[in-house]
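Structural overview
What follows is each chain in one-letter form.
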Amino acid sequence: MGLNGLLQKMSFGEIFQTISMCKQSGVLTLTDEKGVGRLVFNEGRLFQASLDNIRKLGNTLVDHGIITAEELENALAIQRRGNGENLLLGSILEKSGVVSKEVLQVELKRHFIEVVRILLGWETGSFHFEFGPRMKKESLLEEGLSLPALLVEATRPSDLWRLELQTELSPGPDRRRD
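Below, the structure is looked at part by part. It should be emphasised that the depicted structure is a prediction, and the values quoted were computed from it without experimental measurement. (Residues numbered from 1 in each chain as written. Predicted model: local features only at pLDDT ≥ 70, side-chain atom pairs only at ≥ 80, totals over all residues. Heavy atoms only, no water.)

1. Regarding the overall build of the protein chain
Tallying secondary structure elements over the protein chain gives 6 helices and 5 strands in all. Taken from the N to the C terminus, the helices and strands of the protein chain come in the order β-α-β-β-β-α-α-α-α-β-α. The proportion of buried residues among the 178 residues of the protein chain is 35%. At a minimum sequence separation of 6, the contacts of the protein chain that also span at least 24 residues come to 68%. As displayed, the protein chain has an accessible area near 11,100 Å², and 53% of this comes from carbon and sulfur atoms. (Helix = DSSP H or I, 4+ residues; strand = E, 2+ residues; numbered from the N terminus. Buried < 20%, exposed > 50% of the residue type's maximum accessible area, 1.4 Å probe, protein only. Contact = heavy atoms within 4.5 Å. Areas by Shrake-Rupley, 256 points an atom, 1.4 Å probe, with all protein chains shown as cover.)

Written out as structure tokens, the structure reads:
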């Protein structure tokens, strides 16, 4: 059993807020012509987020010089050989000593913020929230991300951009016509 609907009727922000306020646990899947997004919640906090049309976390770690391409390939090989286990790439990298848990947490938060930022712009498509039990400690994020903090970070760049645009468009004291 789950919650289904169209983003045209209930926006991603409204869905996210409902899950957060009701402290729900489960998986939210959003689908539209741009791709598929998947978010995992535990008691209303975000613990995992992915979107199939943005750069994957492993590639981002390589781009930022945190890990090498070879280290990424080795971790992905371990992940593929997982023998049916759903091994998280970050866990593999951390357990193998390639990167610290603290660095992974920072990069995961950045990644999740980017996923949420993109999903906030989706106006069409469908969603499905599959209620699930509280998750076990399988995420590298120790506490997950709360809705208020996540939305502040996810909307910050667009708010700054709007403010800069308004400043450029509004006449300053020396631009006013008398």
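Now that the structure is up, let's keep going.
2. Some thoughts on unusual backbone geometry
Notably, Lys23 is not glycine yet its phi reads approximately 50 degrees, a positive angle. With respect to the helices and strands, Lys23 occurs in the loop between helix H1 (12-21) and strand S2 (26-32). Judged by relative accessible area, which is 59%, Lys23 ranks as exposed. Positive phi outside glycine occurs at Glu43, with the angle close to 50 degrees.

3. Looking at the sheet that holds strand S4 (residues 45-51)
Read from one edge of the open sheet, 5 strands run S1-S5-S2-S3-S4, paired in antiparallel fashion. Edge positions in the sheet fall to strand S1 (2-6) and S4, since each has one partner strand and no second. Taking the axes of each pair of neighbouring strands and ignoring which way they run, one obtains an average angle of 15 degrees across the sheet. On the sheet, H1 packs against S2, strand S3 (35-42), S4 and strand S5 (126-131) and is oriented at approximately 175 degrees with respect to S2. (Pairing = 2+ DSSP bridges. Axes fitted to C-alpha atoms, helices over the stretch in contact; angles between N-to-C directions.)

4. Quick look at the pairing of S3
Burial within S3 is extensive, with 6 of its 8 residues counted as buried. Summarising the sheet, S2 and S3 pair through 7 bridges and their orientation is antiparallel. Paired with Thr31 across the strands is Val36, a residue of S3. Taking the residues between adjacent antiparallel strands as the criterion, S2 and S3 are bridged by 2 residues. By the bridge criterion, 6 bridges tie S3 to S4 in an arrangement that is antiparallel. The residue of S4 that forms the bridge with Asn42 is Arg45. Counted along the chain from S3 to the antiparallel partner S4, the turn is 2 residues long, and its residue Glu43 has a positive phi close to 50 degrees.

5. Side note on helix H3 (residues 69-80)
Under the 1.5 Å per step criterion, the end-to-end length of H3 is 16 Å for 12 residues, consistent within 8% with the ideal 16 Å. Among the residues making up H3, those that are buried are Leu72, Ala75 and Ala77. At its buried positions, H3 is contacted by helix H2 (57-63) and helix H4 (89-95). (Expected span 1.5 Å × (residues − 1).)

6. Some remarks on H1
All of the buried residues in H1 are Phe12, Ile15, Phe16, Ile19 and Ser20. Axial view of H1: buried residues confined to an arc of 130 degrees, hence all on one face. Lys23 sits one or two residues past H1 and shows a positive phi near 50 degrees. (Arc of directions from axis to C-beta.)

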